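Listed below are the residues making up each chain.
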Amino acid sequence: MSFSAAVADPHDLARFGTTRLLECLGGRVMTADGAESDVLTLPDLLDLLSAGELDLVVTDISLPETGSSEDASSGADGLRLLRRARAEGLLGPGAAAEALVLTAEDSRGAVREAFRLGAAGYALKSDPIEEIEAAVQAVLRGERVLSETLPGYWRDEAVAARSAPGSSAEPARTEGPGGEGESALSDREREVLRLTAKGLTKKEVGRTLSISPRAVETCRQTVQEKLCLGDRVEMVRYAARSGLL
């Protein structure tokens with residue numbers, strides 16, 4: 001089996017081990033362009049997904065941190081990665097890539113949330129190597145996988161959460177190029193996002209839309225909350241990917 005993958009894990013040893021496991025299964029494990037290490041930040045992962053270069057993302061619940069102010073959001077957890085990627089149509093039904101959560105977190109809530117956000121599989125680092133390998137292969141085949149260590153009925157709950165009405169794992173509603181995430185925005189919020197991404201200040205956006213700078217700031221905060229964007233840099237990245245620029 002030949003496939004391309006990315007590994008997001010905060011621990012060097014775990015990242016190394018997961019990379020070797022994927023390579024033994026025929027995987028080509030990607031790194032960021034020009035990266036001096038194999039640590040992938042949240043923006044790196046989104047860029048690789050957006051470019052269509054990945055078949056699989058293996059992520060822990062937590063992600064590597066970085067000292068770069070531009071990538072300050074990359075210290076976010078793996079669930080945020082799923083949420084962002086799902087909002088941009090990069091994971092989930094119809095997307096080219098799938099996600100497998102590989103973590104030590106064995107709580108019922110984490111399992112439900114991961115599947116609700118579009119993960120195709122959930123495995124534990126304490127699982128036998130053969131089971132983790134089987135989970136990778138099953139996810140690549142489009143199957144839904146839950147660690148055999150966890151209670152069997154969680155599997156049914158997780159699948160139900162993934163397909164429940166209103167779940168972010170539902171197929172994207174395409175109202176314009178932004179897909180599901182952008183369709184949640186009002187016309188004003190979408191315009192504020194576009195103008196902000198073009199580099200306009202709050203006052204300039206306000207003058208353009210005939211609203212106050214305070215209203216612009218409120219719109220920006222709402223956009224960030226709806227799309228799970230951490231700062232202005234992320235707003236620019238999202239706007240670029242969504243065709244708003």
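The structure displayed is predicted, hence computed values, not measured ones.

1. Thoughts on the overall build of the chain
A tally of regular secondary structure across the chain gives 11 helices and 6 strands. Within the chain, contacts between residues separated by at least 24 positions form 62% of all contacts whose residues are at least 6 apart in sequence. As presented, the chain carries roughly 11200 Å² of accessible surface, and 49% of it is formed by carbon and sulfur atoms.

2. Here we look at the confidence of the model for the chain
For the chain, the average pLDDT comes to 79, and 80% of its residues sit at 70 or higher. Of the regions scoring below 50 in pLDDT, residues 66-76 engages in 23 contacts with residues more than four places distant in sequence or in other chains.

3. Some remarks on the pattern of salt bridges
Under the definition given, this model contains 15 salt bridges. We note a salt bridge from Glu113 to Arg83, for which the minimum N-O separation is 3.4 Å. On the criterion of sequence distance, the pair formed by Glu113 in helix H4 (residues 108-116) and Arg83 in helix H3 (residues 78-87) is long-range, its members being 30 residues apart. Arg83 sits in the partly exposed class, given a relative accessible area of 27%. Put simply, Glu98 and Arg144 hold a salt bridge, and the shortest N to O gap is 3.9 Å. Taken together, the residues span a long stretch of sequence, with Glu98 in strand E4 (residues 98-103) and Arg144 in the loop between helix H5 (129-140) and strand E6 (145-146) at a distance of 46 residues.

4. Here's the deal with unusual backbone geometry
Unlike most non-glycine residues, Ser210 shows phi in positive territory, near 60 degrees. Here Ser210 is to be found in the loop between helix H9 (202-209) and helix H10 (213-227).

Rules used throughout
Just so you know, the residues in each chain are numbered from 1, in the order the chain's sequence is written. Residue-level local features of this predicted model are given only where pLDDT is at least 70; pairs of side-chain atoms are given and counted only at 80 or more, and the full residue set underlies all totals for whole chains, interfaces and linings. Values shown for side chains rest on all heavy atoms present in the structure; no hydrogens or waters enter the calculation. Numbering of helices and strands runs from the N terminus, with a helix taken as a DSSP run of H or I at least four residues long and a strand as a DSSP run of E at least two residues long. For this analysis, residues touch if any pair of their heavy atoms sits within 4.5 Å. The accessible surface values rely on the Shrake-Rupley method and a 1.4 Å probe; as for residues, cover is taken only from the protein chains in view. In predicted models, pLDDT denotes the confidence assigned by the predictor to each residue on a 0 to 100 scale. One side-chain nitrogen of Lys or Arg within 4 Å of one carboxyl oxygen of Asp or Glu is enough to make a salt bridge. Each residue is assigned to one of three classes by its accessible area relative to the maximum for its type, calculated with a 1.4 Å probe on protein chains only: buried under 20%, partly exposed between the two thresholds, exposed over 50%.

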